[in-house]
Amino acid sequence: MVEDTETDGTRLAELLSSEVTGHENAPYGALAVADADPDVEPTTDGAHAYDVERDGERLASVYVQPERARVELYDGLEAAERAAEDGDLRARPVGGQPPRLLVFVTTGAEVKRALDVLGAAAEA
């Protein structure tokens, strides 16, 4: 069981990766971890840990910071933002090309809610 007190960014990213790869049911079955860096070290700005793909296309990237993981979503942004709000996760849209949604995972208890955000984006 995941403890609510887990706050190490690398560990949070590892837990989310396990959740992504551990589900076979829709919408999670279409998700996969790609381009993983097993030796990633957290940085203040966030070091790239891995991408999350949906049917071979990049859906999101996960970055590690010392005390959190950051998920940058590139598709299904409106659905992902609603899921983040429903899950009480801090999220922030970012303009530019392509537009993105940043979702911050700060505790182990938020990992499953972050998976729900990825699932919502995958279904959109």
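In what follows, the structure referred to is the one given above.
Some thoughts on the overall build of the protein chain
Of the regular secondary structure elements, the protein chain holds three helices and six strands. What you see for the protein chain is a C-alpha radius of gyration of 13 Å, in line with the 14 Å of a compact globule of 124 residues. Expressed as lengths along the three principal axes of its C-alpha atoms, the size of the protein chain is roughly 35 × 30 × 30 Å. Counting all 124 residues of the protein chain, 48% fall into the buried class. Considering only residue pairs separated by 6 or more positions, the protein chain has 51% of its internal contacts joining residues 24 or more positions apart. For the protein chain, the distance from the average position of its 11 positive side-chain charges to the average position of its 27 negative side-chain charges is 5 Å.

Some details on the packing of helix 1 (residues 9–21) against helix 3 (residues 111–123)
The geometry of helix 1 relative to helix 3 is characterised by a closest axis approach of 9 Å and an angle of 50° between their N-to-C directions. By the angle class used here, helix 1 and helix 3 are oblique. Relative to helix 3, the crossing made by helix 1 is right-handed. Touching Leu12, Leu15, Leu16, Glu19 and Val20 of helix 1 are Val111, Lys112, Ala114, Leu115 and Leu118, all from helix 3. Tallied by class, the residues present in the contact of helix 1 with helix 3 amount to eight nonpolar, no polar and two charged.

Quick look at the nonpolar core
For soluble globular proteins, the rule of thumb is that nonpolar side chains tend to be buried together. Among the nonpolar cores identified, the biggest contains 35 residues, and Leu16, Val71, Leu73 and Leu118 are the most heavily contacted of them. It is helix 3 that provides the largest number of residues to this core, a total of eight residues.

What about the pairing of strand 2 (residues 47–54)?
In terms of burial, strand 2 is largely enclosed, as six of its eight residues are buried. Summarising the sheet, strand 1 (residues 31–34) and strand 2 pair through four bridges and their orientation is antiparallel. Within strand 2, the residue paired with Val33 across the bridge is Val52. Following strand 2, the chain reverses through two residues before pairing antiparallel with strand 3 (residues 57–65); Asp55 in that reversal takes a positive phi of roughly 50°.

About the criteria used
- Residues numbered from 1 in each chain as written.
- Predicted model: local features only at pLDDT ≥ 70, side-chain atom pairs only at ≥ 80, totals over all residues.
- Heavy atoms only, no water.
- Helix = DSSP H or I, 4+ residues; strand = E, 2+ residues; numbered from the N terminus.
- Rg over C-alpha atoms; globule rule 2.2 N^0.38 Å.
- Buried < 20%, exposed > 50% of the residue type's maximum accessible area, 1.4 Å probe, protein only.
- Contact = heavy atoms within 4.5 Å.
- Lys, Arg positive; Asp, Glu negative; His and termini not counted.
- Charge placed at Lys NZ, Arg CZ, Asp CG, Glu CD.
- Axes fitted to C-alpha atoms, helices over the stretch in contact; angles between N-to-C directions.
- Parallel < 35°, antiparallel > 145°, perpendicular 65-115°, else oblique.
- Left-handed = near helix turned anticlockwise from the far one by under 90°.
- Nonpolar A, V, L, I, M, F, W, Y, C, P; charged D, E, K, R; others polar.
- Core = buried A, V, L, I, M, F, W, Y, C linked by side-chain atoms within 4.5 Å.
- Pairing = 2+ DSSP bridges.

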